Amino acid sequence: MLLSKLFLLAAILAAPILEHPDVKAVAGEQAPRWKMSLLGPQGECPEYSNDFAVFLGCEQAQDAQSAVWTWSISIDRSCDWRVRVDVSLEDGQPRWGLSAVLPKGWVVTSTCFPIVCVPRPEDSKAIIPMGYGAEFSIPVGGRLESRYPSVTGGMEFVMTHSPKGCLYFAALDREGSGKYFWIDGAESTLTFTQSVPSSFAWTREGHFELPWKATFAYSPKSWDQTLLEWYRPFALSCRWGATPLTDRQIVEWVKNADVWIRPKNI
């Protein structure tokens, strides 16, 4: 019933941000899920998540097109430090961001965000950008993983498709930073996660910000139509997609090769 309501409401793109169906799919009746690992000046390495933070509330902007969730975390015996999740609507899709305010000398070493648990669509299968692309059954009690950039993740998304439509989870990272995408399967739910090893440079003067947004959205269209509509414009806006092959300086023997082979571990 919940899933059918999600499909029905997903067409209402002008809804206030907190009532938008794809935002509710991430947040539901609770705050969005996140996980964050830190490194302190004396080698401390605590891990924080929703379960180890005090939720301070959610504030929606006056135009109802963006919102911010805030938590307090306890570091160096102080509860003055904050983790923030923001969401805004762009082209009908929610854009999820993560940031934090930390004590001097502390940095974020890794994040899992957003952690999205939704009802499992009946007869759904995963589409992973592995090699030339692959379709997988989603195991109950198992995990599908895509590492970007690598042969197991040539693009920055994972998705599922079923007769009722697609669930699309992507990173809008135009710098191509390393990351992992996970889909965890359970009997009645699927959990999507973006796991990111964080650069120390992303924490500056006590402020951390994940330098790209993630999106999680439902589309009633087929998986290939969804990618053409949502992922292709993003890819063409990146440095590696903005210049067509015909305009690139590529040596002739590479263009004329019938197949490229890379031996393992080389």
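Scroll up for the structure.
Just so it is clear, the model here is predicted, and its values are computed rather than measured.

S.K.: What am I meant to see in the overall build of the protein here?
M.R.: On a plain count of helices and strands, the protein comes out with 5 helices and 17 strands. The C-alpha radius of gyration computed for the protein amounts to 20 Å, which stays within 12% of the reference 18 Å derived for 266 residues, consistent with globular compactness. Here the C-alpha coordinates of the protein stretch approximately 65 × 50 × 40 Å along the principal axes. Out of the 266 residues belonging to the protein, those deemed buried represent 47%.

S.K.: Would you explain the nonpolar core in this entry?
M.R.: Among soluble globular proteins, nonpolar side chains are generally buried collectively. Core analysis: the largest hydrophobic core is formed by 50 residues, its most contacted members being Trp34, Trp69 and Phe192. With sequence-adjacent residues up to four places away left out, phenylalanine 192 is seen in contact with Pro114, Ile115, Val116, Val118, Val158, Thr160, Leu167, Phe169, Trp182, Ile183 and Phe216. Of all hydrophobic cores here, the second largest spans 14 residues; its members include Met159, Tyr168, Trp230 and Cys238.

S.K.: Explain the pairing of strand 17 (residues 213–219) to me, please; I cannot follow it from the model alone.
M.R.: Remark: a regular strand shows side chains that alternate across the two faces of the sheet. The buried fraction of strand 17 amounts to 6 of the 7 residues, a majority that puts the element mostly inside the structure. As paired elements, strand 12 (residues 165–172) and strand 17 share 7 bridges and run antiparallel to each other. For cysteine 166, the partnering residue across the bridge sits in strand 17 and is serine 219.

S.K.: Just to check I follow, could you spell out the pattern of salt bridges for this structure?
M.R.: A side chain of one charge can pair with a side chain of the opposite charge when the charged atoms of the two come close. Under the definition given, this model contains 10 salt bridges. Of the charged contacts, one joins aspartate 184 and arginine 143 as a salt bridge, the two residues approaching to 2.6 Å between their closest N and O atoms. Pair noted here: aspartate 184 is in strand 13 (residues 179–185) and arginine 143 is in strand 10 (residues 143–148), with a separation of 41 residues, a long-range link. Residue class for arginine 143 comes out partly exposed when judged on its relative accessible area of 42%. Between lysine 255 and glutamate 252 there is a salt bridge, with its nearest N and O atoms 3.1 Å apart. On the criterion of helical spacing, the pair formed by lysine 255 and glutamate 252 is a turn pair, its members being 3 residues apart in helix 5 (residues 252–256). Residue classification places lysine 255 among the partly exposed residues on the basis of a relative accessible area of 48%. Each of Glu156, Asp173 and Lys179 takes part in a single network of salt bridges with overlapping partners.

S.K.: Please explain the packing of aromatic side chains as it appears in this structure.
M.R.: Given two aromatic rings, their pairing is described by the distance between the two centres and the angle made by the two planes. Overall, the coordinates contain 12 aromatic pairs when judged by the stated rule. Measuring from ring centre to ring centre gives 5.5 Å for tryptophan 202 and tryptophan 212, while their planes differ by 85°; the resulting arrangement is edge-to-face. Of the two residues, tryptophan 202 sits in the loop between strand 14 (189–197) and strand 15 (203–204) while tryptophan 212 sits in the loop between strand 16 (207–209) and strand 17, which places them 10 residues apart along the sequence. For tryptophan 202, a relative accessible area of 17% corresponds to the buried category. The cationic tip of arginine 143 hangs over the ring face of tryptophan 182; the distance from NZ or CZ to the ring centre is 3.7 Å. Just above the ring of tryptophan 212 sits the side chain of lysine 179; from NZ or CZ to the centre is 4.5 Å.

S.K.: I'm lost on the environment of asparagine 256 in this one. Help?
M.R.: With respect to the helices, strands and loops of the structure, asparagine 256 is situated in helix 5. For asparagine 256, a relative accessible area of 54% gives the class exposed. The spacing of asparagine 256 and threonine 152 is 104 residues in sequence and 25 Å in space, taken between C-alpha atoms.

S.K.: Got a minute to help me understand unusual backbone geometry in this structure?
M.R.: Glycine aside, residues mostly have negative phi angles, and peptide bonds mostly take the trans form. Phenylalanine 113 connects to proline 114 through a cis peptide bond whose omega is -15°. Here proline 114 lies in strand 7 (residues 107–119). Following tyrosine 148, the chain continues into proline 149 via a peptide bond in cis, with omega recorded as -5°. A positive phi angle, close to 60°, is found at alanine 64, a residue other than glycine. Checked against the element boundaries, alanine 64 lands in the loop between strand 3 (54–60) and strand 4 (66–75). Although it is not a glycine, arginine 77 sits at a positive phi angle of roughly 65°. Summarising the element assignment, arginine 77 is placed in the loop between strand 4 and strand 5 (78–90).

S.K.: Explanation requested: the sheet that holds strand 2 (residues 47–49) in the structure shown.
M.R.: In sheet architecture, strand pairing relies on hydrogen bonds along the backbone and comes in two forms, parallel and antiparallel. Strands sit in the order 2-1-7-14-13-10 across an open sheet of 6 strands; the sheet is antiparallel. Here the strands that pair on one side only, and so sit at the sheet edges, are strand 2 and strand 10. Put simply, the sheet's adjacent strands are angled 15° from each other on average, direction ignored. Pairing between strand 10 and strand 13: 6 bridges, direction antiparallel. Paired with leucine 144 across the strands is isoleucine 183, a residue of strand 13.

Procedures and definitions
- Residues numbered from 1 in each chain as written.
- Predicted model: local features only at pLDDT ≥ 70, side-chain atom pairs only at ≥ 80, totals over all residues.
- Heavy atoms only, no water.
- Helix = DSSP H or I, 4+ residues; strand = E, 2+ residues; numbered from the N terminus.
- Rg over C-alpha atoms; globule rule 2.2 N^0.38 Å.
- Buried < 20%, exposed > 50% of the residue type's maximum accessible area, 1.4 Å probe, protein only.
- Core = buried A, V, L, I, M, F, W, Y, C linked by side-chain atoms within 4.5 Å.
- Contact = heavy atoms within 4.5 Å.
- Pairing = 2+ DSSP bridges.
- Salt bridge = Lys/Arg side-chain N within 4 Å of Asp/Glu carboxyl O.
- Phe/Tyr/Trp six-rings, centres within 6.5 Å; stacked < 30°, edge-to-face > 60°.
- Lys NZ or Arg CZ within 6 Å of the ring centre and 35° of its normal.
- Axes fitted to C-alpha atoms, helices over the stretch in contact; angles between N-to-C directions.

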